[in-house]
Amino acid sequence: MDHRILEMEEYAKVHHIPIMLKDGIEFMCDYIKDHQIKNILEIGTAIGYSAICMASVDSNIHVTTIERDEVRYCEALLNIGKVNMEDQITVMFDDALNVTVSGEYDLIFIDAAKSQYIKFFERFSPFLKKGGVVFSDNLDFHGLIHSEDEISSKNLKGLVRKINQYIDFLKNNSDYDTTFYSVGDGIGVSVKK
Ligand code: SAH
Ligand code: MG
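Note that the structure is a prediction, hence the values are computed from the model and not measured.

Asks: Got a minute to help me understand the coordination of the magnesium ion (ligand 2) in this structure?
Replies: Put simply, a metal with four donors set out as a tetrahedron has ideal angles of 109.5 degrees, and one with six donors set out as an octahedron has ideal angles of 90 or 180 degrees. Taken together, the protein donors to the magnesium ion (ligand 2) comprise D111 (OD), D137 (OD) and N138 (OD1), at separations of 2.1 Å. All donors to the magnesium ion (ligand 2) come from one chain, and their sequence spacing reads D-x25-D-N. Note on N138: relative accessible area 5%, which makes it buried.

Asks: Would you take a moment to explain helix α1 (residues 2-14) for this structure?
Replies: Because an α-helix completes one turn every 3.6 residues, residues spaced three or four positions apart along the sequence face the same direction. With 13 residues, α1 should reach 18 Å at 1.5 Å per residue; the first-to-last C-alpha distance of 19 Å fits that figure. Residues of α1 that are buried sit in contact with α2 (22-34), α3 (49-56) and α4 (70-82). Looking one or two residues beyond α1, the residue adopting positive phi is H16, at roughly 55°.

Asks: I'm lost on a positive patch on the surface in this one. Help?
Replies: Together, K119, K157, R161 and K162 give the surface a local cluster of positive charge. Mapped onto the elements, R161 comes out in helix α7 (residues 153-172). For R161, a relative accessible area of 53% puts it in the exposed group.

Asks: Help me out: how do you make sense of unusual backbone geometry in this one?
Replies: Residues other than glycine predominantly adopt negative phi, and peptide bonds predominantly adopt the trans conformation. Non-glycine residue H16 carries a positive phi angle of around 55°. Overall, H16 belongs to the exposed group, its relative accessible area being 52%. Positive phi values are uncommon outside glycine, yet N84 reaches one of about 55°. Looking at the secondary structure, you find N84 in the loop between α4 and β3 (89-93). Taking relative accessible area as the criterion, N84 reaches 64% and is therefore assigned exposed.

Asks: Can you help me understand a negative patch on the surface in this one?
Replies: Residues D23, E26, D30 and D34 make up a contiguous surface patch of negative charge. If you trace the backbone, E26 turns up in helix α2. You can call E26 partly exposed: its relative accessible area is 44%.

Asks: Just checking my understanding: could you explain the side chain of N138 for this structure?
Replies: For N138, the location among the structural elements is in the loop between β5 (128-136) and α6 (142-145). Of note is the side chain of N138, whose polar atom sits 3.0 Å from the side chain of K114. At 2.6 Å, the side chain of N138 and the side chain of D185 are in polar contact.

Asks: Mind showing me how you'd approach the environment of Y105 here?
Replies: Here Y105 lies in strand β4 (residues 105-110). Taking the relative accessible area as the measure of exposure, Y105 reaches 5% and is therefore buried. Those residues in contact with Y105 that lie beyond four places of it in its chain are N39, I40, L41, T64, F127, L128 and K129. For Y105, the side chain forms a polar contact with the main-chain oxygen of S102, separated by 3.3 Å.

Asks: It is not clear to me how the site of ligand 1 should be interpreted in this structure. Could you clarify?
Replies: Of all residues adjacent to ligand 1, which total 22 residues, the nearest are M20, E67, R72, A96 and D111. In this structure, S50 approaches ligand 1 through a side-chain N or O atom, which is 2.9 Å from a nitrogen atom. R72 places a side-chain nitrogen or oxygen 2.8 Å from an oxygen atom of ligand 1. Alone, ligand 1 offers 590 Å² of accessible surface; in the complex the protein occludes 95% of this. Looking at the shell around ligand 1, the elements with two or more residues in it are α3 and β2 (62-67). When grouped by side-chain class, the residues that make up the shell around ligand 1 number 11 nonpolar, three polar and eight charged.

Asks: Even after reading the chapter, I still don't get the packing of helix α5 (residues 117-124) against α7, so can you show me in this structure?
Replies: A pair of packed helices is characterised by two quantities: the angle between their axes and the separation of those axes. Where α5 contacts α7, the two axes come as close as 9 Å, and the packing angle between them is 35°. Taken together, the residues of α7 that come into contact with α5 (itself represented by Y117, I118, F121 and E122) are Q165, Y166, F169 and L170. Looking at the contact of α5 with α7 residue by residue, the classes come out as six nonpolar, one polar and one charged.

Cut-offs used in this document
Residues numbered from 1 in each chain as written. Chains lettered and ligands numbered in written order. Predicted model: local features only at pLDDT ≥ 70, side-chain atom pairs only at ≥ 80, totals over all residues. Heavy atoms only, no water. Donors = N, O, S within 2.8 Å, 3.2 Å for Na, K, Ca; no water. Buried < 20%, exposed > 50% of the residue type's maximum accessible area, 1.4 Å probe, protein only. Helix = DSSP H or I, 4+ residues; strand = E, 2+ residues; numbered from the N terminus. Expected span 1.5 Å × (residues − 1). Contact = heavy atoms within 4.5 Å. Patch = residues over 30% accessible without salt bridge, like charges linked within 9 Å, V, L, I, M, F, W, Y side chains within 5 Å. Areas by Shrake-Rupley, 256 points an atom, 1.4 Å probe, with all protein chains shown as cover. Salt bridge = Lys/Arg side-chain N within 4 Å of Asp/Glu carboxyl O. Lys, Arg positive; Asp, Glu negative; His and termini not counted. Charge placed at Lys NZ, Arg CZ, Asp CG, Glu CD. Polar contact = N/O pair within 3.5 Å; in protein donor to acceptor, adjacent residues only side chain to side chain. Near = heavy atom within 4 Å. Nonpolar A, V, L, I, M, F, W, Y, C, P; charged D, E, K, R; others polar. Axes fitted to C-alpha atoms, helices over the stretch in contact; angles between N-to-C directions.

Have a look at this one:
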């Protein structure tokens, strides 16, 4: 298992795939363990790294994860197969803004296009249980620098503005208690009241 994780970290580095930073994923996995989270929805699978890490916390955890890039989707399926987690992780190949989900989630992890965070939150938060939590990654922007489709500085300015709007959106959302942590690339933790 551990060597599979290292293999994915290496692949992500070589292929410039913005997977979660080590301390960020550890922080989230600790939360999952401490709060006995079972049902997880992830927006932005990439190669399945964070989904596999989260599912590794407990064999009763199920992760539904959405990815729109076909190459990454295929790589994720490959990686999930290598660790025999097909039963624990369901990958949906589509744009998250087209996908309809069902059920109730304990945790929603938003880690896809940074310009769409408010839309993702509005689309998926109705499927979050009361007392459930939304984790939002990359609120400190550094991940953007490594994200090849978001690399031009013209875009970067717009994205910084978008993320600041999202941070304000979370702060002003009285249905949630949000705390911002400067762990990893900046993580928002929003608990549904
Ligand atoms: N959570 C992963 C990293 C995700 S990187 C990890 O830490 O291991 C962000 C991914 O979101 C990219 O692979 C990108 O293709 C995908 N993405 C961006 N916008 C999306 C959208 N609207 N719908 C689905 N996937 C999206
Ligand atoms: Mg991220």
